[in-house]
Amino acid sequence: MAVERIDYIPGRAVAPCASVVALGFFDGVHLGHRALIFAARERADALGLPLSVFTFPAEDADMKRSAKRLYGTEKKLALLASLGVDYAYVCDFSAVAHISAED
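Residues numbered from 1 in each chain as written. Predicted model: local features only at pLDDT ≥ 70, side-chain atom pairs only at ≥ 80, totals over all residues. Heavy atoms only, no water.

Novice: Please give an account of the pattern of salt bridges that cites residues and values.
Specialist: Throughout the structure, instances matching the rule amount to 4 salt bridges. Here R5 ties to E74 by a salt bridge, and the two come within 2.9 Å at their closest N and O atoms. Note that R5 is positioned in strand β1 (residues 4-7) and E74 in helix α2 (residues 73-82), a separation of 69 residues in sequence. The exposure class assigned to R5 is partly exposed, which follows from its relative accessible area of 35%. Here R41 ties to D86 by a salt bridge, and the two come within 3.3 Å at their closest N and O atoms. Separated by 45 residues along the polypeptide, R41 in helix α1 (residues 31-47) and D86 in the loop between α2 and β4 (87-90) bring together distant segments of the chain. A relative accessible area of 29% places D86 in the partly exposed class. (Salt bridge = Lys/Arg side-chain N within 4 Å of Asp/Glu carboxyl O. Helix = DSSP H or I, 4+ residues; strand = E, 2+ residues; numbered from the N terminus. Buried < 20%, exposed > 50% of the residue type's maximum accessible area, 1.4 Å probe, protein only.)

Here it is, written out as structure tokens:
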């Protein structure tokens, strides 16, 4: 099953429903990413909610400029779907870069 992609624009309500959300670039969907997603999946299941991720496009020029991309965005979303992610909020990093960690 494919993950439902939601192009996120700050200030615009786009959530189709309440969900548990894992935040990350998920630049390779490595073991650490998988551990985070599995923990979020367990929490989502316990609450009877879908699992979402909030991530950034692999092609985003403002994100990890020096990093070589392992996967394009569509491949990343396919990998996330294979791990049980229901929704993927995809946001350009420049749209949220100014927000502090506390906010």
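Novice: Quick rundown of the nonpolar core? Include the residues and the values.
Specialist: By size, the foremost hydrophobic cluster in this structure holds 18 residues, and its most contacted members are I37, L51, V53, L80 and V85. Contributions of two or more residues to this core are made by β2 (20-23), α1, β3 (51-55), α2 and β4. No other element matches α2, which puts 4 residues into this core. Excluding anything up to four places from it in sequence, V53 contacts V21, A22, F26, L80, V85, Y87, A88 and Y89. Counting 8 residues, the second largest nonpolar core, distinct from the first, contains I6, F56, C91 and V96. (Core = buried A, V, L, I, M, F, W, Y, C linked by side-chain atoms within 4.5 Å. Contact = heavy atoms within 4.5 Å.)

Novice: Could you give an account of the layout of surface pockets, naming the residues involved and the relevant values?
Specialist: There is about 170 Å³ of room inside the largest pocket. What lines the largest pocket is simply Y8, P10, L23, F54, F56, F93, V96, A97 and I99. A class-by-class count of the residues in the lining of the largest pocket yields 9 nonpolar, no polar and no charged. (1 Å grid on protein atoms, 1.4 Å probe; cavity = no way out; pocket = protein on both sides within 12 Å on 5 of 7 lines; lining within 4 Å. Points joined across faces, edges and corners; volume = space filled by probe spheres on them. Nonpolar A, V, L, I, M, F, W, Y, C, P; charged D, E, K, R; others polar.)

Novice: Break down the sheet that holds β3 for me, citing the residues and quoting the values.
Specialist: Here we have 4 strands laid out as an open sheet, ordered β1-β4-β3-β2, and parallel in their pairing. Bordering the open sheet on either side are β1 and β2, each of which pairs with just one other strand. Neighbouring strand axes in the sheet, compared pairwise and without regard to direction, differ in orientation by 25° on average. Here 4 bridges tie β3 to β4, and the two strands are oriented parallel to one another. If you follow S52 over to β4, its bridge partner there is Y87. Each of β2 and β3 touches α1; the most contacted strand, β2, lies at about 170° to it. Packing of α2 onto the sheet brings it into contact with β1, β3 and β4, and relative to β1 it is tilted by some 130°. (Pairing = 2+ DSSP bridges. Axes fitted to C-alpha atoms, helices over the stretch in contact; angles between N-to-C directions.)

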